[in-house]
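Next come the chains, spelled out residue by residue.
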Amino acid sequence: MEHIVIIGNGISGVTLARHIRKNSNKKITIVSAETDYFFSRTALMYVYMGHMKFEHTQPYENWFWEKNRIELKKGFVQTIETHSKTLHFAKGDTLQYDKLILATGSKPNKFGWPGQDLDGVQGLYNKQDLDTLEQNAPNNKVCNRAVIVGGGLIGIEFAEMLVSRKIPVTFLVRESSFWNGVLPEGESEMISRHIKTHHIDLRLSTNLKEIKADENGRVKSIIIEETGEEINCNVVGLTAGVTPNIDFIKKSNIETDKGVLVNRRLETSVPDVYAIGDCAQQREAIGNRRPIEAVWYTGRMMGETLAQTICGNPMEYNPGHWFNSAKFMDIEYQTYGWVFGERNRPDYEKHFHWIHKDDNKCITIAYHKDTKLFLGINTFGIRMRHEFFDNVLTKKWTVDKVIEHLSAANFDPEFYKLHEKDIVTQFNSETGSTILLSKKSWRKIFA
């Protein structure tokens with residue numbers, strides 16, 4: 001019986017295992033040094049905030065794995081010997097495979113800051129990070145202040161977690177407004193203001209110079225590069241992005257760059273070895289997508305795709321139109337298609353921006369300035385339908401047609417106040433258009 005070994009029990013590896021089992025009787029082993037069972041990584045913040053217990057983050061009961069004949073091995077892989085198809089573990093044991101899948105995920109970036117390895121300095125990525133944070137910052141008596149270094153989605157989650165326990169937070173962001181390398185100016189500035197309303201000490205255009213230790217080797221303060229200011233703190237959260245977790249893979253003959261290099265079928269340079277999820281790097285980027293995508297749903301899609309190939313139905317990875325969602329404190333965020341920030345915006349991309357007077361809802365629509373082709377939309381505080389925009393992008397609608405049918409894109413108009421009339425009125429005023437809002441449902445539009 002062919003033995004499939006998967007290193008990593010995150011969303012990519014577990015999705016792969018589940019779909020291989022649905023389609024075959026192959027022997028499957030999942031290897032992980034992190035936890036005994038698969039859990040939802042995106043739910044870790046809610047465990048710390050008291051909304052759920054850790055066992056609630058496990059989508060499958062413990063009996064699921066044995067019932068579905070998916071073997072679990074807890075251990076740290078030290079080296080991969082591809083010519084003999086053998087994994088060597090830190091404790092000296094070994095494991096043979098017929099096909100190997102690398103689904104090792106990411107690790108937090110470190111940039112060589114003095115003191116970055118002190119006790120009290122940590123990331124927020126795995127279960128061990130959650131356990132460490134519970135020790136470092138159980139309350140505001142043990143942790144008088146925390147400093148978070150690096151904006152972005154993990155940074156804002158970290159801040160929200162600490163604020164939930166009334167721990168003062170200083171947030172160092174090197175950009176001039178929050179996440180403006182990704183978000184257009186209006187959105188970035190709105191989120192910056194929203195962060196400050198939660199009594200977070202947001203420091204924009206600010207870099208970390210050094211983390212200082214006390215006499216016991218624990219964090220006692222940080223130094224700001226631009227001003228030399230010293231800020232006393234007990235915890236430093238490093239959230240300046242992530243990189244593929246591939247250090248032990250680099251010791252093998254599997255070709256790597258920033259991640260493990262793969263083709264469209266997710267094959268590495270070595271036969272019978274594949275890579276999926278955060279650790280995989282496409283040799284050629286797919287459209288506007290980055291070669292490495294540390295995104296939950298793309299990891300899941302890679303697992304589903306590779307399962308077909310391993311089960312005898314070769315398939316190329318095709319993630320479709322870009323989308324993503326997140327939450328900035330109280331404001332939900334969705335993006336469909338491509339809406340570039342100021343830094344990377346192509347010359348042809350024009351933006352229409354609307355913001356509500358309450359300063360916690362806005363949309364930005366990107367379109368081609370010459371052809372008026374709709375390129376993408378960002379929404380904050382207003383839920384929109386994925387299916388609607390997926391169809392719109394496939395059918396290549398103009399921005400005028402999207403604006404006309406914006407009501408149909410609303411996710412749940414029955415329970416939320418609608419803003420489409422205000423949006424259409426402003427769009428007509430700015431562009432000289434005379435668009436009237438259609439009341440057709442999205443199902444009727446695409447029937």
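See the structure printed just above.
A brief report on the enclosed structure follows. (Residues numbered from 1 in each chain as written. Predicted model: local features only at pLDDT ≥ 70, side-chain atom pairs only at ≥ 80, totals over all residues. Heavy atoms only, no water.)

**Considering the pattern of salt bridges**
Next, step 1: Across all of its chains, the model carries 23 salt bridges by this definition.
Next, step 2: Between Lys-107 and Asp-247 there is a salt bridge; the shortest N-O distance is 2.7 Å. Highlighted residues: Lys-107 in strand S8 (residues 106–108) and Asp-247 in the loop between strand S17 (242–244) and strand S18 (260–262), separated in sequence by 140 residues.
Next, step 3: Looking at Lys-107, the relative accessible area reads 27%, which means it is partly exposed.
Next, step 4: Taking relative accessible area as the criterion, Asp-247 reaches 42% and is therefore assigned partly exposed.
Next, step 5: Put simply, Arg-203 and Glu-229 hold a salt bridge, and the shortest N to O gap is 3.0 Å. A residue pair is termed long-range when its members are at least 10 positions apart, and Arg-203 in strand S12 (residues 201–203) and Glu-229 in the loop between strand S14 (219–224) and strand S15 (230–232) qualify at 26 residues.
Next, step 6: Each of Glu-2, Lys-26, Lys-85, Lys-99 and Asp-272 takes part in salt bridges that share partners, so that together they form one network. (Salt bridge = Lys/Arg side-chain N within 4 Å of Asp/Glu carboxyl O. Helix = DSSP H or I, 4+ residues; strand = E, 2+ residues; numbered from the N terminus. Buried < 20%, exposed > 50% of the residue type's maximum accessible area, 1.4 Å probe, protein only.)

**Let's talk about the pairing of strand S11 (residues 169–172)**
Next, step 1: The alternating pattern of S11 places Val-169 and Phe-171 and Thr-170 and Leu-172 on opposite faces, both of which are buried.
Next, step 2: For the segment spanning strand S10 (residues 146–149), helix H5 (residues 153–164) and S11, crossover handedness is right-handed.
Next, step 3: Note that S11 and S12 share three bridges and pair parallel. Among the inter-strand pairings, Leu-172 is bridged to a residue of S12, identified as Arg-203.
Next, step 4: Viewed along the sheet, the connection from S11 through helix H6 (residues 185–197) into S12 turns out right-handed. (Right-handed = clockwise from strand over helix to strand, strands pointing away. Pairing = 2+ DSSP bridges.)

**Points about H5**
Next, step 1: Between its first and last C-alpha, H5 extends 17 Å over 12 residues, near the 16 Å set by a 1.5 Å rise per residue.
Next, step 2: Along H5, the positions that sit buried rather than exposed are Gly-155, Ile-156, Phe-158, Ala-159, Glu-160, Met-161 and Leu-162.
Next, step 3: Where H5 terminates, the next one or two residues include Lys-166, which has phi positive at roughly 60°. (Expected span 1.5 Å × (residues − 1).)

**With respect to the nonpolar core**
Next, step 1: By size, the foremost hydrophobic cluster in this structure holds 78 residues, and its most contacted members are Ile-80, Leu-87, Leu-102, Phe-388 and Phe-389.
Next, step 2: A per-element tally of this core places helix H7 (residues 296–310) first, with six residues.
Next, step 3: Dropping the residues within four chain positions of it, Leu-102 is found in contact with Ile-7, Ile-80, Ile-249, Ile-254, Val-260, Val-273, Tyr-274, Ala-275, Ile-276 and Cys-279.
Next, step 4: Core analysis: the next-biggest nonpolar cluster, separate from the first, contains 38 residues, Leu-124, Leu-130, Val-169 and Val-235 among them. (Core = buried A, V, L, I, M, F, W, Y, C linked by side-chain atoms within 4.5 Å. Contact = heavy atoms within 4.5 Å.)

**Examining unusual backbone geometry**
Next, step 1: Positive phi is not limited to glycine here, since Trp-179 has a value of about 60°.
Next, step 2: If you trace the backbone, Trp-179 turns up in the loop between S11 and H6.
Next, step 3: Residue classification places Trp-179 among the buried positions, given a relative accessible area of 18%.
Next, step 4: One non-glycine residue, Asp-272, lies in positive phi territory at about 70°.
Next, step 5: Looking at where Asp-272 falls in the secondary structure, it is placed in the loop between S18 and strand S19 (273–275).

**Re the environment of Pro-319**
Next, step 1: Positionally, Pro-319 belongs in the loop between H7 and strand S21 (323–328).
Next, step 2: Given the relative accessible area of 5%, Pro-319 is considered buried.
Next, step 3: Between the C-alpha atom of Pro-319 and that of Arg-289, which follows or precedes it by 30 residues, the distance is 9.5 Å.

**A look at the sheet that holds strand S16 (residues 235–238)**
Next, step 1: Strand order in the open sheet formed by five strands is S9-S16-S10-S11-S12, and the pairing between neighbours is parallel. Only two strands of the sheet have a single neighbouring strand rather than two, namely strand S9 (121–122) and S12.

**As for the sheet that holds strand S6 (residues 94–96)**
Pairing between the strands of a sheet is mediated by backbone hydrogen bonds and can be parallel or antiparallel.
Next, step 1: Strands sit in the order S4-S5-S6 across an open sheet of three strands; the sheet is antiparallel. Of all strands in the sheet, those with a lone pairing partner are strand S4 (77–81) and S6, marking the two edges. Pairwise comparison of adjacent strand axes, ignoring direction, gives a mean angle of 20° for this sheet.
Next, step 2: With four bridges connecting them, S4 and strand S5 (residues 86–89) associate as antiparallel partners. (Axes fitted to C-alpha atoms, helices over the stretch in contact; angles between N-to-C directions.)

**Some details on the environment of Asp-330**
Next, step 1: Relative to the helices and strands, Asp-330 is located in the loop between S21 and strand S22 (331–337).
Next, step 2: Given the relative accessible area of 57%, Asp-330 is considered exposed.
Next, step 3: For the pair formed by Asp-330 and Ser-441, sequence separation is 111 residues and the distance between their alpha carbons is 28 Å.
Next, step 4: Not counting chain neighbours up to four residues away, the residues in contact with Asp-330 comprise His-194 and His-198.

**A closer look at the pairing of strand S13 (residues 208–213)**
Next, step 1: Examined bridge by bridge, S13 and S14 share five bridges and lie antiparallel to one another. In the sheet register, Leu-208 faces S14, and the bridge partner there is Ile-224.
Next, step 2: Once S13 ends, the chain turns through five residues before running back antiparallel as S14, passing Gly-217 with a positive phi of about 80°.

**What about the packing of aromatic side chains?**
To describe a pair of aromatic rings, one takes the distance between the centres and the angle between the planes.
Next, step 1: Within the structure shown, the criterion is met by 24 aromatic pairs.
Next, step 2: When the centroid spacing of 5.9 Å and the interplanar angle of 25° are considered together, the rings of Phe-374 and Phe-389 count as stacked. Of this pair, Phe-374 sits in strand S25 (residues 374–380) while Phe-389 sits in helix H8 (residues 386–395); the two residues are 15 residues apart in sequence, bridging distant segments of the chain. For the pair formed by Phe-374 and Phe-389, the shared burial category is buried.
Next, step 3: With centroids separated by 5.9 Å and ring planes inclined at 90°, the aromatic side chains of Phe-388 and Trp-397 adopt a geometry described as edge-to-face. Assigned by exposure class, Phe-388 and Trp-397 land together as buried. (Phe/Tyr/Trp six-rings, centres within 6.5 Å; stacked < 30°, edge-to-face > 60°.)

**Considerations on the side chain of His-356**
Next, step 1: Among the secondary structure elements, His-356 is positioned in the loop between strand S23 (349–355) and strand S24 (362–368).
Next, step 2: At 3.0 Å, the side chain of His-356 forms a polar contact with the backbone nitrogen of Asp-358.
Next, step 3: Here His-356 is in contact with Lys-361 and His-419, once residues within four sequence places are set aside. (Polar contact = N/O pair within 3.5 Å; in protein donor to acceptor, adjacent residues only side chain to side chain.)

Geometry only, nothing functional implied.
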